Amino acid sequence: MRCMVMVRATAESEAGVPPSEKLLREMMAFNEELVKAGVMLAGEGLKPSAEGKRVYFAGNGRSVVDGPFAEARELVAGFWLWQVRSMDESLEWVRRCPPPFEGECSIEIRPLLEADDFGEALTPELRATEERLRSEVAGKA
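Residues numbered from 1 in each chain as written. Predicted model: local features only at pLDDT ≥ 70, side-chain atom pairs only at ≥ 80, totals over all residues. Heavy atoms only, no water.

Enquirer: In this structure, what is going on with the overall build of the chain? I would like to understand it.
Expert: Secondary structure summary: the chain contains four helices and six strands in total. Dimensions of the chain, computed from the C-alpha atoms along their principal axes, are close to 50 × 45 × 30 Å. Buried residues in the chain amount to 27% of all 141 residues. When the accessible surface of the chain is split by element, carbon and sulfur atoms take 56% of a total near 10,000 Å². Each charge class in the chain was averaged separately, 18 positive and 25 negative side chains, and the resulting centres sit 2 Å apart. (Helix = DSSP H or I, 4+ residues; strand = E, 2+ residues; numbered from the N terminus. Buried < 20%, exposed > 50% of the residue type's maximum accessible area, 1.4 Å probe, protein only. Areas by Shrake-Rupley, 256 points an atom, 1.4 Å probe, with all protein chains shown as cover. Lys, Arg positive; Asp, Glu negative; His and termini not counted. Charge placed at Lys NZ, Arg CZ, Asp CG, Glu CD.)

Put into structure tokens, the structure is as follows:
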């Protein structure tokens, strides 16, 4: 199964406080373990929400709101995309992760929707298109 592992933001990460060299070294070592184990598919940190935008949809209408956004603990500061055998395996990996920030912080794990999760709505034609698009994206990696 694939899952997205999201590092929740903190007041400090939203303020743009950079991580310490010690934390960067610990995270780099953890990422190296993930890569060697064949778990990590992707991973990145995100800039503070002050540099982001949100697009709200209402029917055909679109409105754009500039960051920053409230409630840092509800924001994502970084993510990994992992390939694991189960949610339990992803929990094992997160338990080994160095704390992403000083003080209280959290990591959320969410399984990705896979093609089979869409049932009959994903027609053979749509499935073929989805597979073609994934192949094209993989070719660019």
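Enquirer: How should I be thinking about the packing of aromatic side chains in this particular structure?
Expert: How two aromatic rings sit relative to each other is set out by the distance from centre to centre and by the angle between their planes. On inspection of all chains with the given rule, the structure shows four aromatic pairs. With 5.5 Å between their ring centres and 40° between their planes, Trp80 and Trp82 make a pair best called tilted. Chaining the aromatic ring pairs together yields one cluster made of Phe30, Trp80, Trp82 and Trp93. The cationic tip of Arg96 hangs over the ring face of Trp93; the distance from NZ or CZ to the ring centre is 4.4 Å. (Phe/Tyr/Trp six-rings, centres within 6.5 Å; stacked < 30°, edge-to-face > 60°. Lys NZ or Arg CZ within 6 Å of the ring centre and 35° of its normal.)

Enquirer: Would you take a moment to explain the pairing of strand S5 (residues 76-83) for this structure?
Expert: Consecutive residues of a regular strand have side chains that alternate between opposite faces of the sheet. In this sheet, S5 lies alongside strand S1 (residues 2-8) in antiparallel orientation, the contact comprising seven bridges. If you follow Val7 over to S5, its bridge partner there is Gly78. Here strand S2 (residues 40-45) pairs with S5 via five bridges, running antiparallel. Bridge pairing links Gly43 to Trp80 in S5. (Pairing = 2+ DSSP bridges.)

Enquirer: Honestly, unusual backbone geometry in this entry has me stumped. Any pointers?
Expert: Trans is the prevailing form of peptide bonds, just as negative phi is the prevailing case for residues other than glycine. Geometrically, the link from Gly67 to Pro68 is a cis peptide bond, its omega value of 10° lying close to zero. Along the chain, Pro68 turns up in the loop between strand S4 (61-66) and S5.

Enquirer: Looking at this structure, how should I read the pairing of S1?
Expert: Within S1, six of the seven residues are buried, which leaves it mostly tucked inside the rest of the structure. By the bridge criterion, five bridges tie S1 to strand S6 (residues 107-111) in an arrangement that is antiparallel. Following the sheet pairing, Val7 is matched in S6 by Ile107.

Such coordinate-based values are descriptive only and should not be taken to indicate function.
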